[in-house]
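Inside the fold
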Amino acid sequence: MSRVALVTGSSRGIGRAVAIRLAKDGYDICVNYEKRADKAEETAAAVRELGRKAITFKADVSDSDAVNAMFDFAGKELGEVDVLVSNAGIAGQAQIQDVTRERWDRFFAVNVTGAFNAVHEVIPHMIHEKKGCIITISSMWGLRGASCESVYSATKAALIGFTRSLAKELAPSGIRVNCVAPGVIDTDMLDELPEGVKDTLADETPLGRLGTPEDIAEAVAFLASDKADFITGQVIMPDGGFVV
Ligand code: NAD
């Protein structure tokens, strides 16, 4: 029987790598994207090359109606979702005195409410089946705090609290909920860092390099697999030793 995974924000970066990695493990994939249909199609094509089904769906994760429509579509085209990876996120640097209320609200709407919206849609089926797996993508900054990234860090800390609480609440229903909190990963998200900061961050990483999207995808695939059957409520940190 086919298994279905939905990965939010999987048109590029970590989300794309996760989608492809889960396809290697036999999942059909719903590729969610916000703006770039062409990029989402590239992810879907890579999944299909692995012999799995893939669909794409445009939905801003902060919009509950759009997320509802996405899960309906995925259910009809692929079957109900067995694994949800809540990956979509936005980041950015600003000193706290420059953080507008609008910016604060948008970060929470995408990074936290976006996860809530997806979880809310996937849960009825998982509870009915008494199985399922939810993986949230936080950040090491959610555990550690990052200067000039207070809003981002706050959203990522909120995700960890959400994950741990859900793990306790949903364990009796056979649903595992875990979090991956990456270190510095070389994706488009780093593009707005000032010149030279990427090199500095690589130097500060004990393993001496930035992570790759595939590094994160491996952790997600492990948590989604039977090998992690007794693991729930955990935060796994593929961060090259940054937070020790
Ligand atoms: P990225 O910017 O390449 O990817 C983010 C993805 O989220 C994109 O596909 C984007 O379109 C999507 N997205 C953004 N807003 C959305 C919305 N409203 N609705 C639907 N999709 C939306 O960055 P990435 O590094 O691949 O980030 C993926 C996740 O990993 C994010 O949650 C990010 O916070 C987290 N993360 C990244 C790093 C890093 O160093 N790159 C470190 C820790 C955590």
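Residues numbered from 1 in each chain as written. Predicted model: local features only at pLDDT ≥ 70, side-chain atom pairs only at ≥ 80, totals over all residues. Heavy atoms only, no water.

Quick notes on unusual backbone geometry
Stated precisely, the cut-off is as follows: Under the DSSP-based scheme used, a helix requires at least four consecutive residues in state H or I and a strand at least two consecutive residues in state E, with every element numbered from the N terminus. Burial status follows relative accessibility: with a 1.4 Å probe on protein chains alone, a residue under 20% of its type maximum counts as buried, one over 50% as exposed, and anything between as partly exposed.
The residue lysine 130 is not glycine, and still its phi comes out positive at about 60°. Looking at the element boundaries, lysine 130 is found in the loop between α4 (101-129) and β5 (132-137). The phi torsion at cysteine 148 lies on the positive side, around 65°, for a residue other than glycine. Checked against the element boundaries, cysteine 148 lands in the loop between α5 (140-144) and α6 (150-170). With relative accessibility at 32%, the residue cysteine 148 sits in the partly exposed group.

Looking at the pairing of strand β1 (residues 3-7)
Definition in use: When DSSP finds two or more bridges between a pair of strands, those strands are recorded as paired. Look down the strands so they point away from you; if going from the first strand over the helix to the second traces a clockwise path, that crossover is right-handed.
Within β1, four of the five residues are buried, leaving the element largely enclosed by the surrounding structure. As paired elements, β1 and strand β2 (residues 27-33) share five bridges and run parallel to each other. Looking at β2, one finds that valine 7 is bridged to valine 31. One crossover worth recording links β1 to the parallel β2 by way of helix α1 (residues 13-24), and it is right-handed. Bridge count for β1 against strand β4 (residues 83-86) is three bridges, and the pairing is parallel.

Things to note about the confidence of the model for the protein chain
Under the convention used in this document: Here pLDDT means the predictor's own confidence in every residue, given as a number from 0 to 100.
Here the protein chain averages 97 in pLDDT, while 100% of its residues score no lower than 70. Across the protein chain, the secondary-structure element scoring lowest on mean pLDDT is helix α7 (residues 197-204), at 95, and the one scoring highest is strand β6 (residues 175-180), at 99.

Brief notes about the pattern of salt bridges
Rules: A side-chain nitrogen of Lys or Arg and a carboxyl oxygen of Asp or Glu constitute a salt bridge if their distance falls within 4 Å.
Across all of its chains, the model carries 14 salt bridges by this definition. The partner of glutamate 42 in a salt bridge is arginine 16, and the shortest N-O contact between them spans 3.0 Å. With a gap of 26 residues between them, glutamate 42 in helix α2 (residues 37-49) and arginine 16 in helix α1 connect regions that are remote in the sequence. Under the relative-accessibility criterion, arginine 16 is labelled partly exposed at 21%.

Quick word on the nonpolar core
So the rule is basically this: What we call a nonpolar core is a set of buried Ala, Val, Leu, Ile, Met, Phe, Trp, Tyr and Cys residues that are connected through their side-chain atoms within 4.5 Å. Note on contacts: a residue pair qualifies if any of its non-hydrogen atoms lie within 4.5 Å across the two residues.
The biggest cluster of nonpolar side chains holds 30 residues, and the ones touching the most others in it are Leu22 and Ile29. Going through the elements one at a time, β1, α1, β2, α2, β4, β5 and α8 (213-224) are the ones with two or more residues in this core. Counting residues per element, this core draws most heavily on α8, which supplies seven residues. With near-sequence residues (within four places) excluded, leucine 22 lies in contact with Ala5, Val7, Tyr27, Ile29, Val83, Val85, Ala221 and Ala224. Counting 28 residues, the second-largest nonpolar core is a separate cluster that includes Leu6, Ile55, Val61 and Ala118.

Re the site of the ligand
Note the cut-off: Whether a residue is near a molecule or strand is decided by its heavy atoms; if any one of them lies within 4 Å of it, the residue is near. Here a polar contact is taken to be a pair of N or O atoms separated by no more than 3.5 Å, where protein atoms must pair a possible hydrogen donor with a possible acceptor and residues adjacent in sequence count only if both atoms sit in side chains. Each accessible area is a Shrake-Rupley result for a 1.4 Å probe, and residues are judged covered by the shown protein chains and nothing else. Here the term charged refers only to Asp, Glu, Lys and Arg, the term nonpolar to Ala, Val, Leu, Ile, Met, Phe, Trp, Tyr, Cys and Pro, and the term polar to all other amino acids, Gly among them.
What surrounds the ligand is a group of 29 residues, the closest being Arg12, Asn87, Tyr152, Ile185 and Thr187. Contacts to the ligand include glycine 89, whose backbone N or O atom sits 3.5 Å from an oxygen atom. Lysine 156 has a polar side-chain atom sitting 2.9 Å from an oxygen atom of the ligand. Here the ligand has 810 Å² of accessible area as a free molecule, and 95% of this is covered by the chains. Of all the secondary structure elements, the ones that give two or more residues to the shell around the ligand are α1, α4 and α6. Here the residues of the shell around the ligand are counted per class, giving 13 nonpolar, ten polar and six charged.

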